[in-house]
Amino acid sequence: MSASEIGFLALALLAVIGAAGVVLIDNPVRSALCLVLNFFVLGFIYFTLGAPMIGITQIMVYAGAIMVLFLFVIMMLKRQGAMAKPDKPDSRLGLAVVLGLALAVTVYATVIAPQGVTLPLGIKDYGTPQAVGVSLFTNFVWPFEVVSVLLLVGIVGSIMLAKRRI
Amino acid sequence: MLLPIATMVTEIPISWYLGLGLVMFCLGGVGVVVRRNPVVVFMCIELMLNAVNLTFLTFAAYGIYPGLNKATAYQSAMNGQMMVIFVMAVAAAEVAVGLGIIMAIFRLRNDVDVDDMSSLKN
C-alpha cells in the first residue's frame, strides 16, 4: 500500500467519524463540532484531488462561516430553554437504517462498481485560484451574477425572518 | 508553488473517493430521517450536500468517461469545479434562511421538534 493510499484512508476515516458523530451524538453542540471535523478533513481531501482553491474555500466557508452560524443558533436556542428533549430512538430508527443501507447498496452496484480502477487524468493546474477565477469570470459569469443576487435575497430574507419588528 | 499535499494526486482508484461520498451521503440521509432536532436535521442536509460536492470534484479529477481528449478533459474539470462553487453559495443562502425560519418557529411555539411542527398538515 503506497503512502498516498494510507494518507487517503486516514483522511477518509476521520471524515466518516465526523459524519457518524453528527448523526449519532445527542448533544447538538457536539454534533456541530463533529461536522466541523468532517468539513475540515474534506477540505484536505479536495487538496488531494488537485483542487486547492475549492479546498481553501471549503475550510473558510463551511468549517468557518456556516458552522459558526449553526453554533450561534444552537446556543441561542439552548439559552432559551429549547432542545431539552433528547432524541429518543423510536420505530423510525430501524426503518431509516434499512433504507440507508438499501440506498448505499443500490448506488454502489449501479455507479461505483462499474467504474473499475479508473485513475486520475492528471490534468495540470485546473484547481488553482487563477484557473478558477478565469473560468468564473468568462464562461460562468451569468450564473455567478445570478448566485450573487440569490445571496442578496438570502441576506434580506433571513433578516426579515429573524427580526421581531421591522 | 503548490502545497505538498496537492502533489499527492496519485494512483488512488476513483471508487475510493466515490465510496467516501456514498458513505457520507447515506449517513446524512439516515440522520435527516432519524433526528428530531431541526438544527441537526439541517446539519445532516449539509453533510449530504458535501458528499455530492466530493463526487463532483472526483469526477472533475478523474473524467466522467474514459478517453477524454485533453481540452475536453480540462473543460469538464472546470465545469465540475464551478458546480461545487455554486452549490456552496446556494447552501450558504439556504442555511441563512433555514436557520432564520427555525428561529421564527421557535419564537412562535417555544419549542423545536420536527415532529411537533405540523401546522401545515391537512
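Residues numbered from 1 in each chain as written. Chains lettered and ligands numbered in written order. Predicted model: local features only at pLDDT ≥ 70, side-chain atom pairs only at ≥ 80, totals over all residues.

### Considering the overall build of chain B
So, point 1. Regarding its fold elements, chain B presents three helices and zero strands.
So, point 2. Counting from the amino terminus, helix and strand elements in chain B follow one another as α-α-α.
So, point 3. Looking at chain B as a whole, 44% of its 122 residues qualify as buried.
So, point 4. Put simply, of all contacts in chain B between residues at least 6 apart along the chain, 54% involve residues at least 24 apart. (Helix = DSSP H or I, 4+ residues; strand = E, 2+ residues; numbered from the N terminus. Buried ≥ 20, exposed ≤ 12 C-beta atoms within 10 Å, placed from the backbone. Contact = placed C-beta atoms within 7 Å.)

### Quick word on the interface of chain A and chain B
So, point 1. Taken together, the contact pairs 74 residues of chain A with 70 residues of chain B.
So, point 2. Listed by contribution, the elements that provide at least two residues to the side of chain A that touches chain B are helix 1 (3–24), helix 2 (28–48), helix 3 (52–79), helix 4 (91–112), helix 5 (129–137) and helix 6 (141–162) of chain A.
So, point 3. Among the elements that line the side of chain A that touches chain B, the one with the most residues is helix 2 of chain A, at 12 residues.
So, point 4. Residue composition of the side of chain A that touches chain B, grouped by class: 55 nonpolar, 15 polar and four charged. (Nonpolar A, V, L, I, M, F, W, Y, C, P; charged D, E, K, R; others polar.)

### As for the domain arrangement of chain A
Residues and elements named next belong to chain A.
So, point 1. Domain annotation of chain A identifies domain 1 (1–82) and domain 2 (125–166).
So, point 2. Averaged C-alpha coordinates put domain 1 and domain 2 at centres separated by 22 Å.
So, point 3. Contacts between the two partners involve five residues from domain 1 and, on the opposite side, five residues from domain 2.
So, point 4. When grouped by side-chain class, the residues that make up the side of domain 1 that touches domain 2 number four nonpolar, one polar and no charged. (Domains from an automatic or database assignment.)

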